[in-house]
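# Architecture and fold: a report
If you want the building blocks of each chain, they are given just below.
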There are 2 protein chains.
Amino acid sequence: MDIGVKKPGVTSSQVAEHAGVSQSAVSRTFTPGASISSKTRTKVLASAKQLGYRPNAIARSLITNRSRIIAVVMAYLENLFYPDVLEELGRALAAENYHLLLFTGFMDRDSDPVFDQLMQYRVDGIILASTSLSSELSEECATAGIPVVLFNRTTERDAVSSVTTRNKEGGRRIADFFVAGGHKTFGYIAGLENSSTNRDRQQGYVEGLAALGFDTVVIETGNYSRPDAEAAARKMFSRADRPEALFVANDHMAVAVMDVARHEFGIRIPEDLSIVGYDDVGPAKWTSYGITSMSQPVKRMVEATVEILMDQIASGEIEAEHRILNGDLFVRTSARLPAAGIVMRDGQQIYRPKEA
Amino acid sequence: MDIGVKKPGVTSSQVAEHAGVSQSAVSRTFTPGASISSKTRTKVLASAKQLGYRPNAIARSLITNRSRIIAVVMAYLENLFYPDVLEELGRALAAENYHLLLFTGFMDRDSDPVFDQLMQYRVDGIILASTSLSSELSEECATAGIPVVLFNRTTERDAVSSVTTRNKEGGRRIADFFVAGGHKTFGYIAGLENSSTNRDRQQGYVEGLAALGFDTVVIETGNYSRPDAEAAARKMFSRADRPEALFVANDHMAVAVMDVARHEFGIRIPEDLSIVGYDDVGPAKWTSYGITSMSQPVKRMVEATVEILMDQIASGEIEAEHRILNGDLFVRTSARLPAAGIVMRDGQQIYRPKEA
DNA sequence: CTGAAAGCGCTTACAG
DNA sequence: CTGAAAGCGCTTACAG
């Protein structure tokens with residue numbers, strides 16, 4: 001035959017018949033808090049076990065209007081920051097007895113194409129990471145009562161909930177750190193130009209430098225992509241005014257930039273060039289790189305994300321909520337050190353200037 | 001109120017009323033290949049658009065007994081190989097109009113705990129990567145008519161479908177490569193001891209060396225984990241009989257091993273020590289590492305996985321199928337080169353001894 | 001091609 | 001605490 005037949009599973013009616021009770025009794029046995037005598041319950045459980053019964057979540061969803069599924073949209077996973085987030089999300093959602101429907105591997109940074117798919121499953125919530133949703137669709141979600149959280153990104157109108165870290169303060173902290181370390185010339189390898197993280201990090205950095213009397217920052221753009229970052233690094237290091245301090249908008253690019261610097265240009269780090277990255281992701285900690293980097297607290301960001309979702313699902317109130325968390329500048333070997341301001345925390349060096 | 005109300009979506013009945021047709025007509029409009037006049041279809045589509053109707057996939061699943069959801073179980077994502085796989089899976093499943101329910105972030109390497117959850121959603125198929133399922137549960141899937149594919153792993157009894165590469169041949173190739181490069185002493189940093197990949201890679205390597213007259217291989221175990229690999233490297237490099245050629249069971253560990261070698265022991269690579277890894281994953285290609293590594297063709301592995309699943313879903317025949325693909329030894333800078341056998345392919349160096 | 005009707009496997013008032 | 005019954009939003013024979 002052409003269309004395969006998945007053997008139908010055991011149903012609550014079959015269990016009811018086997019146990020000699022009503023189908024409602026079976027349902028109640030598997031509904032936490034439902035009114036059922038322990039005698040009936042025991043009988044049902046025994047029959048269920050014997051028949052290999054498992055409640056059909058699909059049927060339950062249809063009637064409760066709750067799928068217990070959260071859609072996670074993550075366009076790409078090359079930057080290890082995102083797999084880290086995904087793993088934490090898996091854990092956090094499982095703890096709430098929710099499930100994770102993943103949309104990944106499409107090239108657009110726009111989620112609209114996957115939106116139809118995701119809505120058809122009547123997901124209870126949507127998490128958008130490394131991607132964005134048009135405002136019409138965001139509005140449609142609000143109308144449908146489906147909470148949406150932007151992860152590590154905000155939109156201009158603030159109409160959608162978001163979880164981010166203080167990117168602007170992060171950029172400023174890096175400016176302080178460079179200047180405290182005695183650097184005089186400054187560069188920036190930018191991420192995606194229309195992303196809020198890039199905009200904020202760059203702004204904080206440039207403003208911070210300006211406040212300290214440095215008005216010139218040479219900029220190339222790496223678009224948060226490895227090949228683009230390599231190209232940007234080649235341009236940056238070929239310039240006559242090559243800076244001695246370089247902030248790279250995330251660690252994913254910083255790794256590529258360091259490789260180009262050392263192996264293509266013979267630049268010594270940190271003797272000839274100081275590099276600071278962002279995210280504090282895995283490879284930043286590897287000895288070969290040892291990147292001084294602003295951290296983003298993935299675990300707490302995920303907790304905040306899931307919290308917003310759970311609150312809004314429970315209350316039915318979809319009001320945009322913005323959680324902004326703090327990061328720290330973890331000091332390693334990729335940048336020259338300032339004379340003061342470095343403190344130890346949990347065995348790691350972080351930069352905490354007094355005024356902070 | 002305590003329990004939030006997700007506004008019910010637009011239903012096919014509402015669209016039918018609006019369009020002045022039967023609910024069946026609406027359903028047929030959204031069922032590819034259903035018998036419907038283009039006139040009715042147009043009317044329905046117009047009303048659907050106006051009302052913002054989207055078919056409810058949950059209701060459809062209930063009646064078709066097909067969820068169009070594939071469960072992917074991936075215990076952890078630190079090793080970039082797995083995010084790569086996930087991204088390809090996202091693409092490949094979307095192309096078949098299937099969706100990906102991800103289970104990740106649990107510490108066990110055993111999938112049994114998530115199995116109940118996954119069965120409740122009546123998934124149409126299951127992909128297990130970096131994790132395994134007890135044979136009882138595998139059998140239960142077969143009974144229920146749900147295809148399961150082990151990704152990058154096999155079980156002893158071969159009862160479950162799998163997609164792997166020729167790990168044993170890979171180990172043997174690495175042995176050939178080392179010996180051709182003039183190495184005389186050999187080591188191995190093992191992965192998880194009960195995993196099929198580790199067993200096969202190790203066996204091929206040890207047998208290959210033996211066939212060439214080298215009977216001694218010093219072994220430490222890194223369990224495919226970064227900290228364990230670092231510890232294993234420290235033990236390995238502290239040995240009096242430290243080998244000059246070291247096969248590390250995957251690149252994820254090889255990166256850690258190289259960092260320990262260079263920065264803790266001052267070992268020069270490849271002058272003092274040759275290292276070869278496995279997977280040919282991102283960091284292997286980064287200049288700082290440049291790991292010579294056996295590749296696993298992720299894209300083709302994913303295609304094979306999805307193909308098996310789609311075939312078995314369509315036919316309803318759950319017969320274990322084993323796809324075994326070839327990898328190549330990509331030659332970079334982490335190991336001393338043999339005088340012959342290195343050829344170019346697509347601008348990359350690979351090792352292809354004549355007899356192969 | 002079309003519509004009325006049955007039914008997928010559950011949850012949940014309702015009445016007892 | 002329990003059961004009979006309605007109904008969630010669809011698909012799909014069936015009859016016309």
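Residues numbered from 1 in each chain as written. Chains lettered and ligands numbered in written order. Predicted model: local features only at pLDDT ≥ 70, side-chain atom pairs only at ≥ 80, totals over all residues. Heavy atoms only, no water.

### Thoughts on the interface of chain A and chain B
Contacts between the two partners involve 68 residues from chain A and, on the opposite side, 68 residues from chain B. The interface formed by chain A and chain B includes two salt bridges. Its salt-bridge partner being A:Arg54, residue B:Asp116 comes within 2.8 Å of it at the nearest N-O pair. Counting every contact that joins chain A to chain B gives 25 residue pairs in polar contact (both at pLDDT 80 or more). Where the side of chain A that touches chain B is concerned, the elements lending two or more residues are helix H4 (57–64), helix H5 (81–95), strand E2 (99–104), helix H6 (112–120), helix H7 (135–144), helix H11 (251–265) and helix H13 (298–315) of chain A. The dominant element in the side of chain A that touches chain B, judged by the number of residues it contributes, is E2(A), at six residues. Of the residues that constitute the side of chain A that touches chain B, the class distribution is 33 nonpolar, 19 polar and 16 charged. With three bridges connecting them, E2(A) and strand E2 (residues 99–104) of chain B associate as antiparallel partners. Bridge assignment links A:Leu100 to a residue of E2(B), and that residue is B:Leu102. (Contact = heavy atoms within 4.5 Å. Salt bridge = Lys/Arg side-chain N within 4 Å of Asp/Glu carboxyl O. Polar contact = N/O pair within 3.5 Å; in protein donor to acceptor, adjacent residues only side chain to side chain. Helix = DSSP H or I, 4+ residues; strand = E, 2+ residues; numbered from the N terminus. Nonpolar A, V, L, I, M, F, W, Y, C, P; charged D, E, K, R; others polar. Pairing = 2+ DSSP bridges.)

### With respect to the domain arrangement of chain A
Domain assignment breaks chain A into domain 1 (12–55), domain 2 (67–165 + 298–325) and domain 3 (167–296 + 329–351). A straight line from the C-alpha centre of domain 1 of chain A to that of domain 2 of chain A covers 36 Å. (Domains from an automatic or database assignment.)

### Describing the protein's contact with DNA strand D
Lining the immediate environment of DNA strand D, one finds 26 residues, of which A:Arg28, A:Ser35, A:Thr40, A:Ile63 and B:Ser27 sit closest. Here the atoms of DNA strand D within 4 Å of the protein split so that 57% fall in sugar or phosphate, with bases taking the remainder. A distance of 3.1 Å separates a base nitrogen of DNA strand D from a polar side-chain atom of B:Arg28. B:Tyr53 is positioned such that a nitrogen or oxygen atom in its side chain is 3.2 Å from a phosphate oxygen of DNA strand D. For the surface near DNA strand D, the secondary-structure elements that each account for two or more residues are helix H2 (23–29) and H4 of chain A together with helix H2 (23–29) and helix H4 (57–64) of chain B. Looking at the surface near DNA strand D, the element that brings in the most residues is H4(B), giving five residues. Looking at the surface near DNA strand D residue by residue, the classes come out as ten nonpolar, twelve polar and four charged. (Near = heavy atom within 4 Å.)

### Some remarks on the environment of B:Gln120
Tracing the sequence through the fold places B:Gln120 in helix H6 (residues 112–120). For B:Gln120, a relative accessible area of 18% puts it in the buried group. Among all residues touching B:Gln120, those that are not within four sequence positions of it are A:Arg54, A:Pro55, A:Asn56, A:Ala57 and A:Ile58. (Buried < 20%, exposed > 50% of the residue type's maximum accessible area, 1.4 Å probe, protein only.)

### Thoughts on the side chain of A:Glu244
Residues and elements named next belong to chain A. Mapped onto the elements, glutamate 244 comes out in the loop between helix H10 (226–238) and strand E8 (245–248). A distance of 2.4 Å separates a polar side-chain atom of glutamate 244 from the backbone nitrogen of lysine 184. Ignoring anything within four residues of it in the chain, the contact list for glutamate 244 reads Gly182, His183, Lys184, Thr185, Asp272, Leu273, Ser274 and Arg336.

### Re the UniProt feature "domain: HTH lacI-type" (unreviewed entry) in chain A
Summarizing the sequence annotation, UniProt attributes the feature "domain: HTH lacI-type" (unreviewed entry) to residues 10–64 of chain A in the numbering used throughout. From the first C-alpha to the last, residues 10–64 of chain A spans 20 Å; its make-up is 67% helix and 0% strand. (UniProt positions renumbered as here; feature names shortened; annotations may be inferred.)

### Here's the deal with the environment of B:Gly341
Residues and elements named next belong to chain B. Examined against the element boundaries, glycine 341 turns out to sit in the loop between strand E12 (329–330) and strand E13 (342–345). In this structure glycine 341 comes out as partly exposed when scored by relative accessible area, which is 22%. In sequence terms glycine 341 and lysine 354 are 13 residues apart; their C-alpha atoms lie 6.6 Å from each other. With near-sequence residues (within four places) excluded, glycine 341 lies in contact with Ile350, Tyr351, Arg352 and Pro353.

### Some details on the protein's contact with DNA strand C
Around DNA strand C, 26 residues are found, and the nearest of them are A:Ser27, B:Arg28, B:Ser35, B:Thr40 and B:Ile63. Within 4 Å of the protein, the atoms of DNA strand C are drawn from sugar and phosphate moieties in a proportion of 56%. With respect to DNA strand C, the side chain of B:Ser22 contributes an N or O atom lying 3.0 Å from a phosphate oxygen. A distance of 2.7 Å separates a phosphate oxygen of DNA strand C from a polar atom in the side chain of B:Ser37. Elements with a contribution of two residues or more to the surface near DNA strand C: H2 and H4 of chain A together with H2 and H4 of chain B.

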